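Descriptive structure summary
Listed here are the chains, written in short residue letters.
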Amino acid sequence: QVQLVESGGGLVQPGGSLRLSCAGSGGTFSMLNMGWFRQAPGKERELIASTTGSGMTSYIADSAKGRFTISRDNTKNSVYLEMSNLKPEDTAVYYCAAVRSYGNFFAGSHAVDHWGKGTLVTVSS
């Protein structure tokens, strides 16, 4: 059973930066396509970033382009989300996600195979 554990969330001021990490276990990590979703209060869970098992292909949502970067280190069974120039509207619980078929990331959160428990990011002065 694949398990995902996020870390790195917290309180940050507008304009600040954070790095989220997600450690995977229980499967062959390099075969998993990995991504990050977020869910703000009262809103649906949305895909923010994703990357294929090899890391050769990635996607960043328009709301995060130029500010967020996704990367992975298969030797450490980890995926990262580097966030900069954070805005109050980035406040949300951020979830690490894994899918076996990369296209499932774009089919909605219901198509995700594995979820982490989430880490809260609060952007506030």
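Residues numbered from 1 in each chain as written. Predicted model: local features only at pLDDT ≥ 70, side-chain atom pairs only at ≥ 80, totals over all residues. Heavy atoms only, no water.

Right, let's talk about the overall build of the protein chain for a bit. Secondary structure summary: the protein chain contains zero helices and 11 strands in total. Ordered by position in the sequence, the α and β elements of the protein chain form the string β-β-β-β-β-β-β-β-β-β-β. Relative to the globule expectation of 14 Å for 125 residues, the C-alpha radius of gyration of the protein chain, 13 Å, shows essentially globular dimensions. Taking the principal axes of the C-alpha coordinates as reference, the protein chain spans close to 40 × 30 × 25 Å. Taking all 125 residues of the protein chain together, the buried fraction comes to 45%. Looking at the protein chain alone, contacts between residues at least 24 apart form 58% of all its contacts between residues at least 6 apart. (Helix = DSSP H or I, 4+ residues; strand = E, 2+ residues; numbered from the N terminus. Rg over C-alpha atoms; globule rule 2.2 N^0.38 Å. Buried < 20%, exposed > 50% of the residue type's maximum accessible area, 1.4 Å probe, protein only. Contact = heavy atoms within 4.5 Å.)

Turning our attention to the state of the cysteines. A full pass over the atoms with the stated rule returns one disulfide. Cysteine 22 shares a disulfide with cysteine 96; S-S distance 2.1 Å. With the S-S bond torsion at -80°, the cross-link from cysteine 22 to cysteine 96 turns out left-handed. Of this pair, cysteine 22 sits in strand E3 (residues 18-25) while cysteine 96 sits in strand E9 (residues 92-99), and the two are 74 residues apart along the sequence. (Disulfide = S-S within 2.5 Å.)

This next bit is on the nonpolar core. Among the nonpolar cores identified, the biggest contains 28 residues, and Met34, Trp36, Phe68, Val79, Leu81, Met83 and Tyr94 are the most heavily contacted of them. Per-element accounting of this core gives the leading share, four residues, to E9. Of all hydrophobic cores here, the second largest spans seven residues; its members include Phe37, Tyr102, Phe105 and Val112. (Core = buried A, V, L, I, M, F, W, Y, C linked by side-chain atoms within 4.5 Å.)

If you walk through the whole model with that rule in mind, you get six aromatic pairs. Here the aromatic rings of phenylalanine 37 and phenylalanine 105 are separated by 6.2 Å at their centres, their planes lie at 40°, and the arrangement is tilted. Residue phenylalanine 37 is found in strand E4 (residues 33-39), and its partner phenylalanine 105 is found in the loop between E9 and strand E10 (114-115); the two are separated by 68 residues along the sequence. Phenylalanine 105 shares its class with phenylalanine 37; the two are buried. Ring geometry for tyrosine 95 and tryptophan 115: centres 6.1 Å apart, planes at 80°, overall edge-to-face. In this pair, tyrosine 95 is assigned in strand E9 and tryptophan 115 in strand E10, connecting sequence segments 20 residues apart. Looking at tryptophan 115, the relative accessible area reads 29%, which means it is partly exposed. By the ring-pair criterion, three or more aromatic residues cluster together here, those being Phe37, Tyr59, Tyr95, Tyr102, Phe105, Phe106 and Trp115. Geometry around tyrosine 80 places arginine 19 over its ring, the cationic atom sitting 4.0 Å from the centre. Cation over ring: arginine 45 sits above tryptophan 115, and NZ or CZ is 4.6 Å from the ring centre. (Phe/Tyr/Trp six-rings, centres within 6.5 Å; stacked < 30°, edge-to-face > 60°. Lys NZ or Arg CZ within 6 Å of the ring centre and 35° of its normal.)

For the rest of this paragraph, the subject is the side chain of glutamate 6. Within the secondary structure, glutamate 6 sits in strand E1 (residues 3-7). Salt bridges are absent for the buried glutamate 6, whose nearest opposite-charge side chain, arginine 45, sits at 7.6 Å. There is a polar contact of 3.1 Å between the side chain of glutamate 6 and the backbone nitrogen of lysine 117. Within polar-contact distance, the side chain of glutamate 6 engages the backbone nitrogen of glycine 118 at 2.9 Å. (Lys, Arg positive; Asp, Glu negative; His and termini not counted. Salt bridge = Lys/Arg side-chain N within 4 Å of Asp/Glu carboxyl O. Polar contact = N/O pair within 3.5 Å; in protein donor to acceptor, adjacent residues only side chain to side chain.)

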